[in-house]
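Spelled out from the first residue to the last, the chains are:
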Amino acid sequence: MRGITICNIRRRGSFSLGVRTPGGILDVAAAAKARRVRAPMTTDEVIRGTELAGLRRILAAKTTAAFLVPEAKAVFGPCVLSPGKLLLMGLNYRRHAAEVKLPLPETPTFFSKFNNTLLGHGGVIELPKSESSKFDYEAELVIVIGKKAQRVPPEAALACVFGYATGNDFSARDLQFKTSQWLLGKTCDGFAPLGPWLVSADLVKDPQNLAVRCSVNGEVRQSSNTSDMIFSCAQLISYASRHMTLLPGDVIFTGTPEGVIQGKPEAERVWLKAGDQLATEIEGLGELRFSLG
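Calculation notes
- Residues numbered from 1 in each chain as written.
- Predicted model: local features only at pLDDT ≥ 70, side-chain atom pairs only at ≥ 80, totals over all residues.
- Heavy atoms only, no water.
- Helix = DSSP H or I, 4+ residues; strand = E, 2+ residues; numbered from the N terminus.
- Rg over C-alpha atoms; globule rule 2.2 N^0.38 Å.
- Buried < 20%, exposed > 50% of the residue type's maximum accessible area, 1.4 Å probe, protein only.
- Contact = heavy atoms within 4.5 Å.
- Areas by Shrake-Rupley, 256 points an atom, 1.4 Å probe, with all protein chains shown as cover.
- Polar contact = N/O pair within 3.5 Å; in protein donor to acceptor, adjacent residues only side chain to side chain.
- Disulfide = S-S within 2.5 Å.
- Salt bridge = Lys/Arg side-chain N within 4 Å of Asp/Glu carboxyl O.
- Phe/Tyr/Trp six-rings, centres within 6.5 Å; stacked < 30°, edge-to-face > 60°.
- Pairing = 2+ DSSP bridges.

Colleague: Could you give an account of the overall build of the chain, with specific residues and numbers?
Modeller: Scanning the chain from N- to C-terminus turns up eight helices and 18 strands. Computed over C-alpha atoms, the radius of gyration of the chain comes to 19 Å, within 12% of the 19 Å expected from 2.2 N^0.38 for 293 residues, which places it in the range of a compact globule. Expressed as lengths along the three principal axes of its C-alpha atoms, the size of the chain is roughly 60 × 45 × 30 Å. Across the 293 residues that make up the chain, the buried fraction comes to 56%. Sequence separation of 24 or more characterises 75% of the internal contacts of the chain that already satisfy a separation of 6 or more. Per element, the accessible surface of the chain, about 13,000 Å² overall, is 51% carbon and sulfur.

Colleague: Quick one: what's the story with the side chain of Thr256, residue by residue and with numbers?
Modeller: Its location among the elements puts Thr256 in the loop between β16 (251-253) and β17 (277-282). We classify Thr256 as buried; its relative accessible area is 2%. Polar side-chain contacts of Thr256 include one of 2.9 Å to the backbone oxygen of Ala139. A polar atom in the side chain of Thr256 sits 2.9 Å from the side chain of Gln222. Filtering out sequence-adjacent residues up to four positions away, Thr256 remains in contact with Tyr93, His96, Glu138, Ala139, Glu140 and Gln222.

Colleague: Describe the state of the cysteines, and please don't skip the residues or the numbers.
Modeller: According to the stated counting rule, one finds zero disulfides in the structure shown. The thiol sulfur of Cys7 is not disulfide-bonded, and the nearest other cysteine sulfur, from Cys79, lies at 8.9 Å. With no disulfide of its own, Cys188 lies closest to Cys214 among cysteine sulfurs, the gap being 18 Å.

Colleague: An account of the pattern of salt bridges is needed here, citing residue identities and associated values.
Modeller: This model, assessed by the stated rule, comprises 14 salt bridges. Close ionic contact of Arg38 with Glu51 constitutes a salt bridge, the shortest N to O distance being 3.0 Å. Of this pair, Arg38 sits in the loop between α1 (28-35) and α2 (43-48) while Glu51 sits in the loop between α2 and α3 (52-60), and the two are 13 residues apart along the sequence. The exposure class of Arg38 is exposed, given its relative accessible area of 64%. Using a relative accessible area of 29% as the deciding quantity, one classes Glu51 as partly exposed. Here the salt bridges do not stand alone but share partners, grouping Lys113, Asp136, Glu138, Asp169, Arg173 and Lys186 into one network.

Colleague: So, α1: which residues are in play, and what are the values?
Modeller: Along α1, the residues that are buried comprise Val28, Ala29, Ala30, Ala31 and Ala32. Lining the buried residues of α1 we find β1 (5-11), β2 (14-21), β3 (24-27) and α3. One side-chain oxygen at the N-terminal end of α1 lies 3.2 Å from the backbone nitrogen of Ala29; it belongs to Asp27. Backbone geometry just after α1 places Arg36 at a positive phi near 55°.

Colleague: Tell me about the packing of aromatic side chains, residues and numbers included.
Modeller: Each aromatic ring pair is described using two quantities: the centre-to-centre distance and the angle formed by the ring planes. For the coordinates displayed, the defined rule picks out seven aromatic pairs. Here Phe111 and Trp182 contribute two aromatic rings whose centre-to-centre distance is 5.4 Å and whose plane-to-plane angle is 65°, an arrangement assigned as edge-to-face. Placement of Phe111 in strand β6 (residues 110-112) and of Trp182 in the loop between α6 (173-176) and α7 (183-186) is noted, with a sequence separation of 71 residues between them. When its relative accessible area of 26% is taken as the criterion, Trp182 is described as partly exposed.

Colleague: Tell me what's going on with the environment of Ala98, and back it up with residues and numbers.
Modeller: Examined against the element boundaries, Ala98 turns out to sit in helix α4 (residues 94-99). Using a relative accessible area of 54% as the deciding quantity, one classes Ala98 as exposed. Expressed as a C-alpha distance, the spacing of Ala98 and Gly263, which sit 165 residues apart in the sequence, is 8.7 Å.

Colleague: Describe unusual backbone geometry, with residues and values.
Modeller: That bond from Gly195 to Pro196 is cis: its omega, 0°, falls within 30 degrees of zero. Relative to the assigned elements, Pro196 resides in strand β13 (residues 192-200). Positive phi values are uncommon outside glycine, yet Arg12 reaches one of about 55°. Structurally, the position occupied by Arg12 is in the loop between β1 and β2. The phi torsion at Arg151 lies on the positive side, around 50°, for a residue other than glycine. The topology assignment puts Arg151 in the loop between β10 (139-145) and α5 (154-157). On the basis of relative accessibility, which here comes to 61%, the residue Arg151 falls in the exposed class.

Colleague: How would you explain the sheet that holds strand β14 (residues 211-216) if you had to name every residue and give the values?
Modeller: Ordered by their spatial adjacency, five strands build an open sheet running β8-β18-β17-β14-β15, and the pairing between neighbours is mixed. The open sheet has two edge strands with one neighbour each: β8 (124-125) and β15 (219-225). Strand direction decides the pairing type here: β14 and β15, joined by six bridges, are antiparallel. Paired with Val216 across the two strands is Glu219, which belongs to β15.

This is how it looks when you write it as structure tokens:
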């Protein structure tokens, strides 16, 4: 769908589709029940094109206060609940490559996370403190695929995007670099906060010109722009689609800019700890807040 900002909110023990409106979050399930129409129940169903006619009917009708949830009172889930793939870029900002003293990559370097890592806005990452002590943030623009993409050229790649979201590739650096494979340091529970909003692609004028910020306890740690990407969103989609078929709901984290703890001189690294409050913001996509436990 075009011109829409959606989310998943907790409703009676499970997550349900919400649509952002000027008056609050429209509870689609409540509106659908009252109007006796079939509508998508999660963002995943919207992405797959399920029952969109019913959703359009609900959005076209007059919204009553009974169907609205104040944003401040909403309990959010990840803005995509069950992606088939979670692909992440390992090094995709020029200034980040410089701070960690690595050469610019010649091709995209992907790794993966799993659905256990997904966390909603306002959630808590329970740190695996018995296994790790070097926790780090990574603010990232996230792509959500909306159409099947297989061997798509870069010039056609953005047409396969449903929308964009704010994400954080949370990492345990000691586990990440314990072996040559990064898997353990990237896939602990809750290590992929995502949301709160999924913003349809037509509302994002240029994904290669968005401000990126991350703060810890109110202190700005990362402040950059997606224009510093080595590989653009279109290039990432195209490259991935040459090696695997991308499907609606697949998620691509596009890499983090400079300012991570790992990029500081070793003597200046102060790793994250329980009680820290983090906020990640991508211009036009909203602020993603979470805490550490």
